[in-house]
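Descriptive structure summary
Chain residues, written in single-letter form:
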Amino acid sequence: MDFTFTEEQQAAVEAAQAVFSGVAPDSVPSPALVPGAVAEDFDRALWHKLARADLLSLVLEPRHGGAGLDLMALCLVLRESAKVLARIPLLETGAAALALRAHGGAELCDDLLPRIGRGELVLTVASNGRTGHDAAPLSVTAHRDGDAWQLDGVQTAVPWGQVADLVLVPARTGDGRTVVALVPRPHDGVSLAEQVSTSGERYAEVRLDSVRIADRDTLSGEGVWERLRDVLATGTCALALGLGLGVLGMTGEYTAKREQFGFPVATFQAVAVQAADRFIDLRAMEATLWQAAWRLTSGAPGALPPSGDVAVAKIWASEGVRRVVQTAQHLHGGFGADTDYALHRYHAWAKQLELSLGPAAAHEEALGTLLAAHPLAS
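Quick caveat: nothing in here was measured; it's all calculated off a predicted structure.

Calculation rules
- Residues numbered from 1 in each chain as written.
- Predicted model: local features only at pLDDT ≥ 70, side-chain atom pairs only at ≥ 80, totals over all residues.
- Heavy atoms only, no water.
- 1 Å grid on protein atoms, 1.4 Å probe; cavity = no way out; pocket = protein on both sides within 12 Å on 5 of 7 lines; lining within 4 Å.
- Points joined across faces, edges and corners; volume = space filled by probe spheres on them.
- Helix = DSSP H or I, 4+ residues; strand = E, 2+ residues; numbered from the N terminus.
- Nonpolar A, V, L, I, M, F, W, Y, C, P; charged D, E, K, R; others polar.
- Contact = heavy atoms within 4.5 Å.
- Pairing = 2+ DSSP bridges.
- Axes fitted to C-alpha atoms, helices over the stretch in contact; angles between N-to-C directions.
- Parallel < 35°, antiparallel > 145°, perpendicular 65-115°, else oblique.
- Left-handed = near helix turned anticlockwise from the far one by under 90°.

What to know about empty space enclosed by the protein
Where empty space is left can be seen by rolling a probe of water-molecule size over the atoms. This model, assessed by the stated rule, comprises four cavities of 30 Å³ or more. Lining the largest cavity are Trp 47, Leu 55, Leu 56, Leu 58, Val 59, Leu 74, Val 77, Leu 90, Thr 93, Gly 94 and Ile 116. When residues of the lining of the largest cavity are traced back to their parent elements, those giving at least two are helix 3 (71-83) and helix 4 (90-103). Counting residues per element, the lining of the largest cavity draws most heavily on helix 4, at three residues. When grouped by side-chain class, the residues that make up the lining of the largest cavity number nine nonpolar, two polar and no charged. Reported here for the second largest cavity is a volume of approximately 60 Å³. Lining the second largest cavity we find Pro 25, Val 28, Pro 29, Pro 31, Val 38, Leu 85, Arg 87, Ser 199, Glu 201, Arg 345 and Trp 349.

A few points about the environment of Lys 314
Residue position: Lys 314 is located in helix 8 (residues 306-332). The contacts of Lys 314, once residues within four sequence positions are left out, are Ala 233, Cys 237, Leu 357 and His 363.

Describing the pairing of strand 6 (residues 190-196)
Bridge analysis of strand 6 against strand 7 (residues 202-214) gives seven bridges, and the strand direction is antiparallel. The residue bridging Ala 193 from the neighbouring strand is Glu 205, located in strand 7. The antiparallel pairing of strand 6 with strand 7 creates a hairpin that spans five residues between the two strands, and Gly 200 there sits at a positive phi of about 90 degrees.

Digging into the packing of helix 6 (residues 224-257) against helix 9 (residues 343-357)
Contact geometry for helix 6 and helix 9: axes closest at 10 Å, N-to-C directions at 155 degrees. Between helix 6 and helix 9, the interaxial angle falls into the category roughly antiparallel. The handedness of the crossing between helix 6 and helix 9 comes out as left-handed. Facing Ala 233, Thr 236, Cys 237, Leu 239, Ala 240, Leu 243, Val 247 and Met 250 of helix 6, the residues of helix 9 in contact are Leu 343, Tyr 346, Trp 349, Ala 350, Leu 353, Ser 356 and Leu 357. Taken together, the residues of the contact of helix 6 with helix 9 sort by class into 13 nonpolar, two polar and no charged.

Following this line, the structure appears as C-alpha cells:
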C-alpha cells in the first residue's frame with residue numbers, strides 16, 4: 001500500500017485549510033452553559049463557502065459538477081474541519097453522496113448530486129437504530145405498496161435531522177434485505193422529536209408511520225447499507241483524528257508558555273512523556289484511518305474484509321481521542337475547564353465522537369468474529 005496523497009488530494013487539503021482558517025471554535029454558546037442546543041442550525045455561511053471552494057463536490061463525478069475524488073479526499077477535509085470544530089453536516093452529506101454515486105439510479109443522481117455540490121441540498125443518515133445499540137435496519141420495516149415502499153419504525157439520534165433536507169433511512173424488508181430510503185423532511189407520516197447531542201448540537205428522533213417512498217428514491221444494491229455504515233464510521237475516525245491534532249496543538253502551545261519554577265512546563269519530563277504518548281496515539285489513529293479508507297476506496301483484497309480494517313480504526317479512534325483530551329485537560333490544569341477557553345468544547349466533541357464510534361471492546365469482539373470466520377494463513 002502507498003499512503004502518499006495525490007496532488008488532487010493535497011489540493012483539497014489546502015483548499016479546506018484556507019476555508020477553515022477563519023472558523024472560531026467558540027462561535028456559538030458553550031454546551032456547558034446552555035440547557036438545550038447551542039444553535040438552531042448548522043453554520044450555513046461556512047457551508048456555502050465550502051460549496052464555492054468546490055469542497056462539497058469533491059466526491060461527485062465530473063458529469064455532476066464534481067472532482068471525481070473518493071473517500072480518502074472526504075476524510076482529509078473532515079480531518080481539517082474537526083481541528084476547528086466546524087459545525088457542518090459534511091460527514092453525513094458526503095457519505096450519502098458516495099452512496100448515491102455508487103447505487104443511485106441515473107435520474108435520482110442527476111437530480112440530487114449537482115444540488116449537493118452547490119450546497120443547496122443537505123443530507124443526513126439515520127444510523128443509530130431505535131436505541132443507539134441495535135442495528136439501524138432492524139428499527140424500520142419496509143413493505144411493498146404498489147410501486148413504492150411503506151416504511152414504519154423509529155430511528156434515534158439522527159445528526160442534523162431537524163435541518164436536513166433528506167434523511168437516508170435503512171430499513172429491513174420482509175425477505176431480509178436492507179434498502180436505504182431517501183426520506184424528505186417534511187413528509188407525510190414523518191414526525192421529529194428534539195434531541196441534543198453531548199456536543200450541544202440538535203439531533204432528532206425520526207418516527208415513520210406508513211411513510212411511502214417511491215422506488216426511484218431508494219437504494220437497494222448489494223451491500224449498500226454495510227458500505228454506507230463503514231464510510232460513516234471511517235469518516236468519524238477522521239473527525240476524531242482532526243480533533244486530536246487540534247487538541248495536541250493547543251496543549252503544546254499552552255505548555256510552552258506556562259511556566260513553573262521559572263521554566264516552561266513543556267520542559268518537564270512528566271509533561272513531555274504524556275504528550276509523547278498522545279502523539280503515538282494520534283499516529284496510530286492516523287495509520288489505521290488511512291488503512292480503512294484505502295481498503296474501502298480501492299477494493300484491494302486482504303486477509304480480512306474491509307470491515308476488519310474499519311473495526312481496527314474505530315478501536316484506536318474511540319480510545320485515542322478520549323486519551324488525548326483527558327491528557328490535554330490534565331496538562332492545562334484548571335484552565336482546561338474554563339468556559340472562556342475552547343478546550344472544554346473539544347472535550348465535549350471528543351466525548352460525542354467516542355459515543356458515536358462505540359466502545360472499543362465491541363469492535364474488538366467484531367474483529368474477533370471476523371478473524372474466526374477468515375482464519376489467517378500460517
